[in-house]
Amino acid sequence: MRTIKTLLFVVLAAAALRPAVAPAADKVDLLLVLAADVSRSIDNPKFQLQREGYAAAVSNPRVLDAVRSGHNGRIGLTYIEWSGVGSQRVLIDWTTLGDAESAKVFGDRLLEAPRSFADRTSISGAIEFAMAQFARAPFESVRRTIDISGDGTNNAGRDVTLARDEAVAKGITINGLVILSATPLPWNPDHTNPPGGLDNYYRTNVVGGPGAFVLVAKDFSSFGEAIIEKMIAEVALAREQAPRRAAAAR
């Protein structure tokens, strides 16, 4: 009897010492970081434009239809705000988007949160911070995308192309949504209106990776629609590329 009790004790002790097996991450069709510029050149109208635009876009029936048409029927989503070097903040941490209820919760939280910063413009810092969020994601996807919206060039931190290239080397796609400024900044006109246009600057220096693209919001009325089209395109790219990546892995 003592031998049986001793053996049972040894088995239980060994089980207690065995490292716990982490549960497999939930699969989603896309991990998407929405990264919004809140630097000094983003005035209150532009700030509201971004917040309200993203809140409306996640609840848009066309966006939700695109999300639900994926293999898993949902995506992983987080929202960050960024400005100068060291000025980045997760406003809404990783959550899933796949139905009207989850979209409403995300949008309501976004509209209620206070503005984070009003510093310089470090797109490179935003990319680095966004890259780090993927390691924290409680979901799993073969496609990872950083969605950057902004109204100016990189004027703080290191060269934005270096950060962009590092992200692309890790298989991350960076897309851009450019907010055009009709009137250049008096103290730094090339920041919001660089030679060749801000959209060309983003194409050359910011975006990269499979299927990367830049959309342009020319005014208030076009911004919301631009966000909707961009999210639909990002979800569609994830849906199209997932079978290719799965086939390549076999």
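Residues numbered from 1 in each chain as written. Predicted model: local features only at pLDDT ≥ 70, side-chain atom pairs only at ≥ 80, totals over all residues. Heavy atoms only, no water.

Colleague: Looking at this structure, I do not really get the overall build of the protein chain. What am I missing?
Modeller: Along the backbone of the protein chain there are nine helices and eight strands. The 250 residues of the protein chain split such that 48% are buried. Expressed as a percentage of contacts within the protein chain between residues at least 6 apart in sequence, the contacts between residues at least 24 apart total 81%. Taken as a whole, the protein chain presents about 12100 Å² of accessible surface, with 58% of it coming from carbon and sulfur. (Helix = DSSP H or I, 4+ residues; strand = E, 2+ residues; numbered from the N terminus. Buried < 20%, exposed > 50% of the residue type's maximum accessible area, 1.4 Å probe, protein only. Contact = heavy atoms within 4.5 Å. Areas by Shrake-Rupley, 256 points an atom, 1.4 Å probe, with all protein chains shown as cover.)

Colleague: For this particular structure, what's the right way to read the nonpolar core?
Modeller: Across soluble globular proteins, nonpolar side chains have a tendency to be buried as a group. Ile 75, Leu 77, Tyr 79, Leu 97, Phe 106, Leu 110 and Met 231 are the most contacted members of the largest nonpolar core, which has 37 residues in total. Mapped onto this core, the elements with two or more residues apiece are strand S2 (31-37), helix H2 (44-59), helix H3 (61-68), strand S3 (75-82), strand S4 (88-97), helix H4 (100-112), strand S7 (172-179) and helix H9 (220-249). Sequence-distant contacts of Leu 110, defined by excluding residues within four places in its chain, comprise Arg 51, Tyr 54, Ala 55, Tyr 79, Leu 91 and Ile 92. Counting residues in each nonpolar core, the second largest holds 29 residues, with Ile 127, Phe 134, Val 178 and Val 206 among its members. (Core = buried A, V, L, I, M, F, W, Y, C linked by side-chain atoms within 4.5 Å.)

Colleague: For this particular structure, what's the right way to read the packing of helix H5 (residues 123-136) against helix H6 (residues 160-169)?
Modeller: In a packed pair of helices, the relevant descriptors are the angle between the two axes and the axis-to-axis distance. Put simply, H5 and H6 touch, their axes get as near as 8 Å, and they point 20 degrees apart. In terms of their interaxial angle, H5 and H6 are classed as roughly parallel. The two elements H5 and H6 meet at a crossing, and its hand is left-handed. Contacts between H5 and H6 involve Ile 123, Ser 124, Ile 127, Glu 128 and Met 131 on the former and, on the latter, Val 160, Ala 163, Arg 164, Glu 166 and Ala 167. Of the residues that constitute the contact of H5 with H6, the class distribution is six nonpolar, one polar and three charged. (Axes fitted to C-alpha atoms, helices over the stretch in contact; angles between N-to-C directions. Parallel < 35°, antiparallel > 145°, perpendicular 65-115°, else oblique. Left-handed = near helix turned anticlockwise from the far one by under 90°. Nonpolar A, V, L, I, M, F, W, Y, C, P; charged D, E, K, R; others polar.)

Colleague: Mind showing me how you'd approach the pattern of salt bridges here?
Modeller: Pairs may arise between side chains of opposite charge once their charged atoms sit close together. Scanning the model with the defined rule gives 15 salt bridges in all. Linking Lys 46 and Asp 151 is a salt bridge whose minimum nitrogen-to-oxygen distance equals 2.8 Å. Here the residue Lys 46 occupies a position in helix H2, and Asp 151 occupies one in the loop between strand S6 (144-150) and H6, the gap between them amounting to 105 residues. You'll find Lys 46 and Asp 151 in the same group, each marked buried. Between Arg 51 and Glu 81 there is a salt bridge; the shortest N-O distance is 2.8 Å. One end of the pair, Arg 51, is in helix H2; the other, Glu 81, is in strand S3, with 30 residues separating them in the sequence. By relative accessible area, Glu 81 is classed as buried at 0%. Among the charged side chains, a salt-bridge network with shared partners connects Arg 62, Glu 225 and Glu 229. (Salt bridge = Lys/Arg side-chain N within 4 Å of Asp/Glu carboxyl O.)

Colleague: Is there a simple way to explain helix H8 (residues 198-205) in this structure?
Modeller: Helical geometry note: an α-helix holds 3.6 residues per turn, so side chains three or four residues apart project in the same direction. All buried positions along H8 are accounted for by Leu 198, Tyr 201, Tyr 202 and Asn 205. Buried residues of H8, viewed axially, fall in a sector of 100 degrees; they line one side. Considering only its buried residues, H8 is in contact with H5, S6, H6, S7, helix H7 (189-192) and strand S8 (214-217). (Arc of directions from axis to C-beta.)

Colleague: Sorry if this is basic, but what is going on with the sheet that holds S8 here?
Modeller: The strands making up a sheet are joined through hydrogen bonds of the backbone, oriented either antiparallel or parallel. If you trace the six strands from one edge of the open sheet to the other, you get S4-S3-S2-S6-S7-S8, paired in mixed fashion. Lying at the two open borders of the sheet, with one neighbouring strand each, are S4 and S8. The average undirected angle you get between the axes of adjacent strands in this sheet is 15 degrees. Judged from the seven bridges that link them, S2 and S3 form a sheet pairing that is parallel. Across the sheet, the residue bridging to Asp 37 is Trp 82, located in S3. Seen against the sheet, H4 touches S2, S3 and S4 and runs at an angle of roughly 165 degrees to S4. Running at roughly 170 degrees to S7, H8 makes contact with S6, S7 and S8 of the sheet. (Pairing = 2+ DSSP bridges.)

Colleague: Help me understand H6 in this model?
Modeller: Buried within H6 we find Val 160, Thr 161, Ala 163, Arg 164 and Ala 167. The buried side chains of H6 occupy one side of the element, clustering within an arc of 160 degrees when seen end-on. Tucked inside the fold, the buried residues of H6 contact H5, S7 and H8. Positioned one or two residues after H6, Gly 171 has a phi angle of 85 degrees, which is positive.

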